[in-house]
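What follows is each chain in one-letter form.
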Amino acid sequence: MPAVGSSLPRKDAWDKVTGKAKYIDDYSYPNIVHISTVRSPVAYGKLGEIDFTEAKKIPGFIGHYTYNDIPGKNINPLVYTDQPFLANGYVRFYGEPIALIAAETPEAAEEAARRTKVQITPLEPVLSIDQAISESCTKIYSQDNTFTRYKIEKGAIDKGFAKARHIFENTYETPYQEHAYLETQGMIAVPGIEDTMTVYGSMQCPFYVHDAVSQILGLSKNKVKIVQATTGGGFGGKEDFPSILAGHAALVAKLTERPTKLVYHREEDIIASSKRHPGLIKIKIGTDDDGKILAAKIDYYLDGGAYSTLSPIVLWRGTVHALGPYVCDNVLINSAAVATNKVPCGAYRGFGSPQVIFAAETILDEIAHELKIDPIDLRRRNILTPGTTTVTSQEIGESCGLTETLDKAFEKANWKTKWSRPETKTDKIRKGIGVSTIYYGVGLGAGGKHLDRAGANMVLLRDGSVQCAVGNTEMGQGARTVLAQIAADSLGIPYNNIHVIETDTSLVPDSGPTVASRTTLMSGNAIVSAAKDLRSRIMPLIADLLQTTADDAELIDGKAFSKKNPPDKGGKSITFEDLTREFYNRRLMPSSFGWFIAPDTGFDQKNGQGNAYFTYSYCTNIAEVTVDTETGEIKVDTIIAAHDMGKAINPQQVEGQIQGGTLQGVGYCVMEEIRHDKNGKMLNDAFATYILPTFEDAPDIQPIIVEHPYSSGPFGAKGFGEVPLMGIAPAVANAVFNATGKRIRKLPVKPECLMEK
Ligand code: MTE
C-alpha cells in the first residue's frame, strides 16, 4: 500500500502524548546561566541611565548586559534593518528589551531584572493607524510613518466604475491576534571550542536564527550552528521573533563563556512577541445588475508596530490577495504598513490575508444582499476558474478546485434548504448561515523569490533504514510525517524505515523559512530529488542481482523484483535489508542530496502585475451559527470546510489542520483582542484575560478534501497549512448577519457589538 494518500500515524505522536518529547525548557546543561530581560515600561521614550546597583545585590547575580556589550551588530537582520537586539537611545514599544541580566537561577535573574532602574523620558506615542497616517502626527519612522507601500493596477478603474450599475463602499477593521502557542519562546546557547556557538530552541526558521546569532556575535556563519528542539506550536509567531531570543542567549553565553537559558513566561511572551497585524481596509466595488464585479478599489493598511520586521512581506501577500478569488478587469489596490509605538507585528497563519479576506468576503455578502442574489450564486458568477485571471493578471492554469469546493460545501451544508434572507427571521433565538470562498498563493511567491528553495539530505544506513535531514521544521503541523511518507514512496521502501530528523543548520543548506505553507511542496520536492539520486544507485544493483535490466527492476514497499517476472508469478524477490547489505558490500555511495527551486514567478512591482505565486490552494467555508438576539450571544454551530490542496499526502493530518485552523479562525472572529491603555501599555497579557476558544467553543467541523493535483508538486500536493484559518471569520460574520440582519464590519464580533444600535 502506498504511504502517500494514507492516514499513517504521526511520527511524533507517541512522544508528544506521553510527555516524552523534550521541549527547550526540559533541557539543561551543567553550569547553566539563566537570563531575564529588562523591558521598557513605556511605549515611547528617550533612554537615560540604567542603574544596576540593586540588581547586583541579589544572591546569584552574574552580570548585566546592554547594547554596549554586543561584539557584532545590534540589528536583527530581516527585510529592513531597523530592529535592535537591545534598545539603544530610544525605546519604541512597551516591553521592548533594554538590558539582560544573568544569574545562577531563573528567580535570581528575574528579581535582579525587576530591581534594575531605567531612566526614561517619555515621549508622545503613536498608537493607531489613523493617528500614524494623519499629516499632523509625529514622525516615528521615515517621512510619513510608513514602512512599505504597494500598488496593484489592472485595467482602467474609472472606466470600470463608470460602467457599473451599482456601487458598494465600506470600511472594515480587524484586530490583533496572539499566536497562543502552547510552548512559550525559549532558547539555550552553548559556547564551544574555537569560538563556536550552538543554539538550541523552539523555532520555525533556524536559518533566520543562524543569520541573527552570527550577526550579534560578529561570527562567521560556519562558527554558528542552530538546532531546532521539539517545538510546541509556532503559527508564524516563531518565524522572526526567536532570532531576538537566540541573539540574547548567545550574547550572554559568549560573554560569560557558559551555557545560557532564556525561556519566556507567558506574560512577557504576549507583551514582547509578534502578533497578527491589526488591519484597516476600505473597499469600493462596482457591479452590473447580476452582481458581476466590474471594478474594485481597495486601500489596505496594516499596523506594523515599532519595527518593520516582516511587515513588508506580510503586506505584499495581503495586497495580492486583497480582492479574493474573483475575476475583475479593473482594479486599483493601494496598501501601506505603518509604524506605531506598539509591539512589532509579524507572521501569523495567513500572513496578511485574513484581514483583507474578511473585508472582501463581507462586502461580497453585502452585494448579494442588496442585489437580492443568493451569496453562493454571486460567488459562482465571479470566482476564478482555469483560464481566468487574478487581480495581478496571472492566468489560472491547472490545479484550480475552487468550483468543486463550492459545490461540495454547498451540498454538504444543505444550503438550499437552510439559507433564507434575514428579514424572514423573527425568533428570539435565530439560526444563520454564511459562506466565504478564498484562495492562497503557496510558497513565498514573487515577493520572496530569492529565498524559495529547499534542500534534503538522505542517508541509507546499513540496516536498511533511511535518515532524512531537511531545512524546514516540524512545529506541530505534521511536516516530519508527511515528508517521511513522500520519502518512503519516492524510494520505494516502507514508511517505518524513514526517520526525518529535526532541523539543524549544519546538516542542510539554507532552505528558507518554514512559512507560507511551503514545506510539503518545497522540502517534499527536495526529498523526491534526493530519493531519485539514491535510487539511481539502487536500481542497477537490483538489476544485477536479478540478472535483468535497470528498466525492468522494481522496488516497491521495500521489495525488489523484476517487473516481467514478479513474485506472484513465481519470480524472485529481494528484501530491502538484503539489498542494503549488498549495497554496502559493493561500497556504493549511501547518501544523496536533493535541491528544489520554486517554479518561476514574474512580477512587476511598479504596477503589481504578473505571476505572483506559482500555484494556489482554494477553499470554501460555510458557517452555521445560533444567535440569542436578547443577549447577543453567538454560538458557532458548524463549519464546513472544503479544501483543494492538490493531493492530501496524509488525509488525517489534513483534517487535523482543518480542525485546528478553523478553531483559530473562530477565535479571531468572535473573541480574541488585545487591549491597550491610553499610553500604549498592553492590558491583557495573560490567558486569563486574552480570551481564546477552547474545546467547549469548538463547532462541529466537517472537513472536505478536494484534490486537483499540481503537476510540479510532490505527488500532486500544493500545501495548505494556513488556509483553514483564513476564511472562517467572514463566513461566521456573514452567518451572524444572516441570522440577525446586523452587519459586522469590525472584528471581533462580541455580544455587545450585536446589541449596539
Ligand atoms: N499547525 C500546527 N499544529 N502548529 C503550527 O505552528 N503553523 C501553521 C500551519 N499549521 C502551525 C500549524 C503555519 S503558520 C504554517 S505557515 C504552516 O502550518 C506551515 O506548515 P507547512 O509549511 O508544512 O504547511
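Residues numbered from 1 in each chain as written. Predicted model: local features only at pLDDT ≥ 70, side-chain atom pairs only at ≥ 80, totals over all residues. Heavy atoms only, no water.

We now examine the packing of helix α10 (residues 353-370) against helix α19 (residues 728-740). The N-to-C vectors of α10 and α19 enclose an angle of 30°; their axes lie 8 Å apart at closest approach. By the angle between their axes, α10 is roughly parallel relative to α19. The crossing of α10 and α19 is right-handed. Judged by residue contacts, Ile357, Phe358, Glu361, Thr362, Asp365 and His369 of α10 engage Ala729, Pro730, Ala733, Asn734 and Phe737 from α19. (Axes fitted to C-alpha atoms, helices over the stretch in contact; angles between N-to-C directions. Helix = DSSP H or I, 4+ residues; strand = E, 2+ residues; numbered from the N terminus. Parallel < 35°, antiparallel > 145°, perpendicular 65-115°, else oblique. Left-handed = near helix turned anticlockwise from the far one by under 90°. Contact = heavy atoms within 4.5 Å.)

The sheet built from 4 strands is open, its strands ordered β16-β26-β27-β28 with mixed pairing. Every other strand in the sheet has two partners, leaving β16 (429-441) and β28 (700-706) as the edge strands with one partner each. Ignoring which end each strand starts from, the neighbouring axes of this sheet average 15° apart. Taken together, the 13 bridges between β16 and strand β26 (residues 616-628) define a ladder with antiparallel strand orientation. Residue Ile429 lies in a different strand from β26, and its bridge partner there is Asp628. Running over the sheet, helix α12 (residues 402-413) touches β16, β26, β27 (634-644) and β28 and is turned about 25° from β26. The sheet contacts of α19 involve β16, β26 and β27, and relative to β16 the element is tilted by about 155°. (Pairing = 2+ DSSP bridges.)

A separate point is the site of the ligand. In the vicinity of the ligand lie 16 residues, with Gly234, Phe235, Gly476, Thr519 and Gln657 positioned nearest. One of the backbone nitrogen or oxygen atoms of Met475 is found 3.3 Å away from a nitrogen atom of the ligand. Burial of the ligand by the surrounding chains reaches 92%, relative to a free accessible area of 530 Å². Of the residues contributing to the shell around the ligand, the split by class is 4 nonpolar, 9 polar and 3 charged. (Near = heavy atom within 4 Å. Polar contact = N/O pair within 3.5 Å; in protein donor to acceptor, adjacent residues only side chain to side chain. Areas by Shrake-Rupley, 256 points an atom, 1.4 Å probe, with all protein chains shown as cover. Nonpolar A, V, L, I, M, F, W, Y, C, P; charged D, E, K, R; others polar.)

So, about the side chain of Thr231. Counting through the fold element by element, Thr231 comes out in the loop between β11 (224-228) and α7 (242-256). Within the structure, the side chain of Thr231 is placed 3.0 Å from the side chain of Gln228, a separation counted as a polar contact. Once residues within four sequence positions are removed from consideration, Thr231 is found in contact with Tyr23, Glu183, Gly201, Ser202, Met203, Lys238, Glu474, Met475 and Gly476.

Further remarks concern the domain arrangement of the chain. Segmentation of the chain into domains returns domain 1 (13-17 + 453-597), domain 2 (31-123 + 185-263) and domain 3 (279-446 + 604-755). For domain 1 and domain 2, the distance between their C-alpha centroids amounts to 39 Å. Residue-level contacts link 19 residues of domain 1 with 19 residues of domain 2. With both chains or domains summed, domain 1 and domain 2 bury close to 1,400 Å², and 56% of this area falls on carbon and sulfur atoms. Considering only the surface of domain 1 that becomes buried against domain 2, Met475, Glu502 and Thr505 emerge as the three largest contributors, covering 39% of it. In this structure, the connection of domain 1 to domain 2 is made through 1 salt bridge. Across the contact surface, domain 1 and domain 2 share 6 residue pairs in polar contact (both at pLDDT 80 or more). Classifying every residue of the side of domain 1 that touches domain 2 by side-chain character gives 5 nonpolar, 9 polar and 5 charged. (Domains from an automatic or database assignment. Buried area = accessible area lost by both parts, 1.4 Å probe. Salt bridge = Lys/Arg side-chain N within 4 Å of Asp/Glu carboxyl O.)

In this structure, Ile283, Ile622, Val625 and Val732 are the most contacted members of the largest nonpolar core, which totals 117 residues. The dominant element in this core, judged by the number of residues it contributes, is α10, at 9 residues. Mapped onto the domain boundaries, this core takes at least three residues apiece from domain 2 (31-123 + 185-263) and domain 3 (279-446 + 604-755). Counting residues in hydrophobic clusters, the runner-up holds 46 residues, among them Ala3, Val500, Leu546 and Ala560. (Core = buried A, V, L, I, M, F, W, Y, C linked by side-chain atoms within 4.5 Å. Buried < 20%, exposed > 50% of the residue type's maximum accessible area, 1.4 Å probe, protein only.)

So, about the packing of helix α15 (residues 519-546) against helix α16 (residues 576-585). Contact geometry for α15 and α16: axes closest at 11 Å, N-to-C directions at 100°. Judged by the angle between their axes, α15 and α16 are roughly perpendicular. On α16, the residues touching Leu534, Arg537, Ile538, Leu541, Ile542 and Leu545 of α15 are Phe576, Leu579, Glu582 and Phe583.

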